[in-house]
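Here is how the chains run, residue by residue.
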Amino acid sequence: MTYYYKILTTVFVVASISVFFSFFLIITSAAVITEIQNSEVIKNCLDKDCNEVYLELTKKINTSLDKNINPCDNIQQFVCGQSRLESFSEKTKVNYDIMNKHFENLVTQSGDFADFRPFKLIHDIYRTCMSNEKTGQQSLDLLRDVIKKLGSWPLLEGDNWKESDFDWIDFSIKTQNIGLASFHFLDFTRFQNKHDGEPTVGLLLYVTSGEFSRSALSNSVIAAYKNYIAKISELLGNTQTSKEEIDEMVTFECNISKLNKDQRYNNTEVSLDELIKQFPSTNWRKFFENIRVCNNETPTNLSKSSVIKLPALSDFFKLMEKTPKRVQANYAVWKIIQETILYLTEEYRDLHREYCLTQKCMVERRETSCLSVIGNYLHPALKLLFAKNFYKNGIDTIIAEMAENIKEQLVDLINESTWMDKKTKNQRIEILGNMSFVIGFKDKNNTDDEFLKYYENLEIDTNNYLQTLINLELFDQKFDTYRNLIKINSHDVVTSNYVYKDKGVIYVPMSMLQEPFFSVHYPMYINYGYTGKAIADKMAEMIVFKGERLIENVDWIHHEKVSCFQRQMYNFISDINVGRPMEELFYAGKQISEHIAHKATYRAYQKWLTKNGIESSLPELPFSNNQLFWINSIRNSCDSFPKEPIVIDNKYSIFDFYKMRLVTNFPEFYKDFNCPTDGSFLKNYGPACSF
């Protein structure tokens, strides 16, 4: 069974950028640091708890800070030059490990909330999953029963198995109804679509993956796989010589794997009626109305549905037509058996380990696998558990005040504009006025009674983990996945460490509202620079990209304000071969959006400082509040892009150059870092821009 659900993923794109600077710049940088130290009154943190938090923050910043670089010459390298993370996978693993530890601690301690049933279910599932005693003979007995319900395995039945009894659609429906989340012929994904302006259901149809969909075929791998099947069949009672049957089913699976690999995006969209005409021998209505995404309580109305079919579909039916049903059934039942082997007795697991010596099996830590199951089937309860532990008092207030402060600055910036007409200003201000926020766990106002009611019929077999998995799948099928507590929306998954926007709503996920990203104990130059800037980015994107053009009746792409930003990058890197993700830095809209966000966040923090006074500085870091704001707003991007070559004047990568362009558009940056008044960067690379 494919039970893994990636709850501990993250969406940061990663890298570090390194640059070599001359000895002259190193000496200049030291002078700048000295000036910085003397430029503003520094307030020290005297409270013990405060000191611990500030020391940890200092450590994090020092990890990437390169004090030998002059921030007035290369702010990106100054803030991020010592960052050791060099790849997407490495950064992903770091964030994954942080979140994985949080979840593991929560789940293993959820027994502390045993009087609240949803949390007890989490605890029971984890405990059952982690126990070797909850797998074994009882799971093997259950598997034998499942095989009988599916019509038996022809390999074991010999001539007693009747080919006329098998149909791949019926088999898929039976598999689902038993409680196995496993399909090995065709599957589909349901999504919202539109037809003539009316909402309809779209169905993306695809050939499922086989054993070799992600690995290269070789004679040794295929031989090991056949031997594995033969030995498992012997443990299940096969006394016959089944070489020919095993050869046929493995050949069929190789072909399924090839079709899965061959699927591409050059697909076509057809109506259900057109699909029926093209493949009349298939009972499409039966398939679509009974497979899992169309749950038993509310079957999909297929009258206006459209189907996206892949080119491999025709080849799939050609393969099915020439393949005897006995071979199809041998393959399908084997896949069910194969996916349960890790829950059976030790002799079965020994064979799995032996097979994995020749084939690269995906091996997860037991803890990770158990967490994945909980994240898949008890997602709402897990979010609630996370919220009750990490969503501390005061977070709502701080984030809401930050967001409102930033919104006010954006409105002021729009009103202060001398080039937008009144209608355009009102349109932008209206967008801001209609903007709403979801902070943290959006179901936090639901009562515990709603969670109790939702999970009241879910039973966990604490003596049989395979039965527990089946119970979870059957429970999941009974509920519409777009309703109430089980509504799983990408905007509120607790492992996303960035802010989302969608249809006028900005979502700040719970995971971003905890250390190391945010804390009620952090100084506000950290919270504004990091989380505040992330929120401002999404607000600015809404202003720049949503609705009508920024300037009514004007080709805004060629407007002087826009052209200024366009020239800032294009004039210096137009002849450089730039690939993703760097190419987005050429877009004026991207540059303008980030410019607006930085300006609004900086002004919002200044307003906060005026009201609340200077904050304590970080120990051993000779920086003012404003400098720490800039450092933390840049620190967001320390690992945002892959390592890039130095391509501009032997000093800058494209991303370094982009960040210098960003900050040198602000006179405040020059003032805060005591940069030379001649503005050497602007002198060499052109004037600043303002929107």
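None of the values given here were measured: they were computed from a predicted structure. (Residues numbered from 1 in each chain as written. Predicted model: local features only at pLDDT ≥ 70, side-chain atom pairs only at ≥ 80, totals over all residues. Heavy atoms only, no water.)

**Topic: the overall build of the chain**
In terms of regular secondary structure, the chain is built from 28 helices and seven strands. Looking at the 691 residues of the chain, the share that counts as buried comes to 55%. Within the chain, counting contacts between residues at least 6 apart in sequence, those at least 24 apart form 79% of the total. When the accessible surface of the chain is totalled, it reaches about 31,800 Å², and 50% of it is carbon and sulfur. (Helix = DSSP H or I, 4+ residues; strand = E, 2+ residues; numbered from the N terminus. Buried < 20%, exposed > 50% of the residue type's maximum accessible area, 1.4 Å probe, protein only. Contact = heavy atoms within 4.5 Å. Areas by Shrake-Rupley, 256 points an atom, 1.4 Å probe, with all protein chains shown as cover.)

**With respect to the pairing of strand 7 (residues 505-508)**
By the alternation rule, side chains of strand 7 split into Val-505 and Tyr-507 and Ile-506 and Val-508, which are all buried. Examined bridge by bridge, strand 5 (residues 436-439) and strand 7 share four bridges and lie parallel to one another. The partner of Ser-436 across the bridge, within strand 7, is Val-505. (Pairing = 2+ DSSP bridges.)

**What about the pattern of salt bridges?**
Counted by the stated rule, this structure contains 22 salt bridges. Here Lys-243 and Asp-247 are joined by a salt bridge, their closest N and O atoms 2.9 Å apart. Within this pair, Lys-243 and its partner Asp-247 are both found in helix 10 (residues 243-262), separated by four residues, close to a single helical turn. Residue classification places Lys-243 among the exposed positions, given a relative accessible area of 58%. Among the salt bridges present, the one from Glu-253 reaches Lys-335, with a minimum N-O distance of 2.7 Å. On the criterion of sequence distance, the pair formed by Glu-253 in helix 10 and Lys-335 in helix 14 (residues 325-338) is long-range, its members being 82 residues apart. Across the pair, Lys-335 and Glu-253 agree in class, each one buried. If you follow the salt bridges from partner to partner, you end up with Glu-346, Arg-349, Asp-350 and Arg-353 in one network. (Salt bridge = Lys/Arg side-chain N within 4 Å of Asp/Glu carboxyl O.)

**As for helix 6 (residues 137-149)**
When the terminal C-alpha atoms of helix 6 are compared, their 19 Å separation across 13 residues agrees well with the 18 Å that a helix rising 1.5 Å per residue should span. Of all the positions in helix 6, only Ser-139, Leu-140, Leu-142, Leu-143, Val-146 and Ile-147 are classed as buried. In an axial view of helix 6, the angular spread of the buried residues amounts to 160°, which keeps them on one side of the axis. Contacts made by the buried residues of helix 6 are with helix 8 (168-178), helix 14, helix 15 (346-356) and helix 21 (465-477). Of the residues one or two after helix 6, Gly-151 is the one with positive phi, at around 100°. (Expected span 1.5 Å × (residues − 1). Arc of directions from axis to C-beta.)

**Considering unusual backbone geometry**
Of note, Glu-620 is a non-glycine position whose phi angle comes to about 70°, a positive value. Among the structural elements, Glu-620 can be located in the loop between helix 24 (588-612) and helix 25 (625-635). What makes Glu-620 exposed here is its relative accessible area of 67%.

Everything listed here is a matter of coordinates, which is why it stays silent on function.
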